[in-house]
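Descriptive analysis of the structure
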Amino acid sequence: MAGLRDALDGALLLAPMTRGGNLPYRRLCVELGARVLMGEMTVARRLKQRRRGEYALIRRAPDEPFFGVQLAGTDADEMGWAAALAEERGADLVDINFGCPIDVFTRRGLGAALGRQPKRIRRIVEGVKRAVVRIPVTAKIRLGWNESSRNYLEQAQAAVDGGADALVVHGRTRDARYRQAADWDAIGELVAALPVPVVGNGDALFPADIEAARVRSGCAAVMAGRGALIKPWLFREAREGYWDLSAEDRLRIYRRYVDLAREHWGEDAHGLARVGEFVRWHLAFWCRYAPRRADGTWPGMQVREPMSFARSPLEALLARADHAALDWLARRLTAREEIVPTEAPAPDSAPDPQDDQAEG
Ligand SMILES: Cc1cc2nc3c(=O)[nH]c(=O)nc-3n(C[C@H](O)[C@H](O)[C@H](O)COP(=O)(O)O)c2cc1C
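Worth saying up front: this structure is predicted, and the values here are computed from it rather than measured.

Here's the deal with the overall build of the chain
For the chain, the count of helices and strands is 16 helices and 9 strands. For 360 residues, the compact-globule formula gives about 21 Å, and the C-alpha radius of gyration of the chain, at 20 Å, lands near that figure. Along the first, second and third principal axes, the C-alpha atoms of the chain reach 60 × 50 × 35 Å. Burial status across the chain gives 49% buried among its 360 residues. Intrachain contacts of the chain at a sequence separation of at least 6 include 70% that bridge at least 24 residues.

Shown next as structure tokens:
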């Protein structure tokens, strides 16, 4: 698959993310340099049931250069049918979810539950490969169910035996969720063991993280999830180097998202309510931004920086993670109103627990 190798070569991919990978957010990422983007996890059975909400998830944005649809399911024929549908509707790639840790899915045998059954991984990948005509198929796995069952080599081999054209690895186990740092040495082991390109995933937040991950693992490409939610301009940084944005620059980017979201969901009351919900959701990630530290080191993904970095009242406001600030900012951004830091409400709560939102 020369096309896929070219697309992946040295790229930073937008990870598949429920909610986070909504169509206007992907457009924003494209404007900020993203070239390979994944949509939100789509359940094959729900497509079969003709659910409108699910069809919306496989819709490609008009200006999207390379759009991957991620499918979840347990039945090889159903997954094949859904993959053919995604291809017909313009997907450039189909990725299969073998890593989703959420109980409601794993109890039904989906996502990370399949990671425990390499034979089924193989059958599902085969079913999807048979069904698509021209687009590549990838498999996204975690390292295993827990520390005592790190079966990533078996999972990956099963996917390759089934015909996967590349492998995406989130370098944590299902039980680890987001609590530990991603294991880039394990990703490197997969790079060495597999005949197909490996996309490594976990904890990329600054260009230095991306470079370190590449050097450490030798992966063909890096994929960013939360990093791209916190900093949609990470794609530009991946090409051009660290970008120290002012709070005003950031606000312009958030306002651009509002424009794209209003275009997508509409400007009537219903559309604006939807835009408001998404803006509020994104703000809980945007507020986690912190610049390079004064001593030249980089903040990490797992630990929140002290607020003391804020260089202006606006930067301090954008770093607030309490409900009152997030609600107020969401309302004003959605309505395209001015943001005046002195008018912001006092904190009314503890910071939002963002990691509860992390679904993959
Ligand atoms: C809000 C959110 C939603 C996610 N939804 C999905 C999903 O639908 N499919 C999937 O394979 N992974 C999903 N993930 C996991 C990401 O794709 C990625 O593997 C994970 O966040 C690790 O990368 P990071 O450390 O760069 O965030 C989700 C992550 C987040 C934060």
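Let's pick the thread back up.
Focus: the nonpolar core
Core analysis: the largest hydrophobic core is formed by 113 residues, its most contacted members being L13, V94, A139, L167 and V199. When residues in this core are grouped by element, the largest group, 7 residues, is from helix α14 (residues 269-286). Inspection of this core shows a minimum of three residues originating in each of domain 1 (2-240) and domain 2 (247-357). The residues contacting L13, other than those within four sequence positions of it, are V36, M38, V199, A221 and M223.

Regarding the domain arrangement of the chain
Annotation of the chain at the domain level lists domain 1 (2-240) and domain 2 (247-357). The centre of domain 1, based on its C-alpha atoms, is set 27 Å off from the matching centre of domain 2. Elements that contribute at least two residues to the side of domain 1 that touches domain 2 include exactly α2 (23-31) and α11 (226-230). Classifying every residue of the side of domain 1 that touches domain 2 gives 13 nonpolar, 2 polar and 5 charged.

Brief notes about the pairing of strand β7 (residues 166-170)
Most of β7 is tucked away, with 5 of its 5 residues classed as buried. Pairing geometry for strand β6 (residues 137-142) and β7, over 5 bridges, is parallel. Pairing of T138 across the sheet is with A166, part of β7. One crossover worth recording links β6 to the parallel β7 by way of helix α8 (residues 152-161), and it is right-handed. Strand direction decides the pairing type here: β7 and strand β8 (residues 198-201), joined by 4 bridges, are parallel. From the neighbouring strand, H170 faces β8, where its bridge partner is N201.

Looking at the pairing of strand β9 (residues 221-224)
Because side chains alternate across β9, one face comprises the buried residues A221 and M223, and the other comprises V222 and A224, equally buried. In this structure, strand β1 (residues 12-14) lies alongside β9, joined through 3 bridges in parallel fashion. By the bridge assignment, L13 is partnered in β9 with M223. Pairing analysis gives 3 bridges linking β8 to β9, with the strands arranged parallel. Following the sheet pairing, G200 is matched in β9 by V222.

Some words on the environment of L110
Within the secondary structure layout, L110 lies in the loop between α6 (103-106) and α7 (118-131). Discounting chain neighbours no more than four positions away, the residues touching L110 are A72, G73, T74, C100 and F105.

Describing α14
Here α14 spans 25 Å end to end across 18 residues, near enough to the 26 Å set by a 1.5 Å rise per residue. When α14 is considered as a whole, its buried residues turn out to be V275, F278, V279, H282, L283, A284, F285 and W286.

Some thoughts on the packing of helix α13 (residues 247-265) against α14
Two numbers describe how α13 lies on α14: the axes approach to 9 Å, and their chain directions differ by 150 degrees. Crossing angle aside, the handedness with which α13 passes α14 is right-handed. Taken together, the residues of α14 that come into contact with α13 (itself represented by Y254, Y257, V258, A261, R262 and W265) are G271, R274, V275, F278, V279, H282 and W286. The class makeup of the residues in the contact of α13 with α14 is 9 nonpolar, 2 polar and 2 charged.

Notes on the environment of K140
The topology assignment puts K140 in strand β6. Looking at K140, the number of C-beta atoms within 10 Å reads 29, which means it is buried. For the pair K140 and D268, spaced 128 residues apart in sequence, the C-alpha to C-alpha distance is 38 Å. Setting aside its immediate chain neighbours within four residues, K140 contacts D95, I96, N97, F98, G99, V168 and H170.

A look at the packing of α7 against α8
Here α7 crosses α8 at 25 degrees, and the two axes come no closer than 7 Å. Considered as vectors, α7 and α8 are oriented roughly parallel to each other. Between α7 and α8 the crossing geometry is right-handed. Residues P118, K119, I121, R122 and V125 of α7 lie in contact with α8, whose contacting residues are E154, Q155, A158, A159 and D161. Taken together, the residues of the contact of α7 with α8 break down into 5 nonpolar, 1 polar and 4 charged.

Cut-off values and rules
Residues numbered from 1 in each chain as written. Predicted model: local features only at pLDDT ≥ 70, side-chain atom pairs only at ≥ 80, totals over all residues. Helix = DSSP H or I, 4+ residues; strand = E, 2+ residues; numbered from the N terminus. Rg over C-alpha atoms; globule rule 2.2 N^0.38 Å. Buried ≥ 20, exposed ≤ 12 C-beta atoms within 10 Å, placed from the backbone. Contact = placed C-beta atoms within 7 Å. Core = buried A, V, L, I, M, F, W, Y, C linked by C-beta atoms within 7 Å. Domains from an automatic or database assignment. Nonpolar A, V, L, I, M, F, W, Y, C, P; charged D, E, K, R; others polar. Pairing = 2+ DSSP bridges. Right-handed = clockwise from strand over helix to strand, strands pointing away. Expected span 1.5 Å × (residues − 1). Axes fitted to C-alpha atoms, helices over the stretch in contact; angles between N-to-C directions. Left-handed = near helix turned anticlockwise from the far one by under 90°. Parallel < 35°, antiparallel > 145°, perpendicular 65-115°, else oblique.

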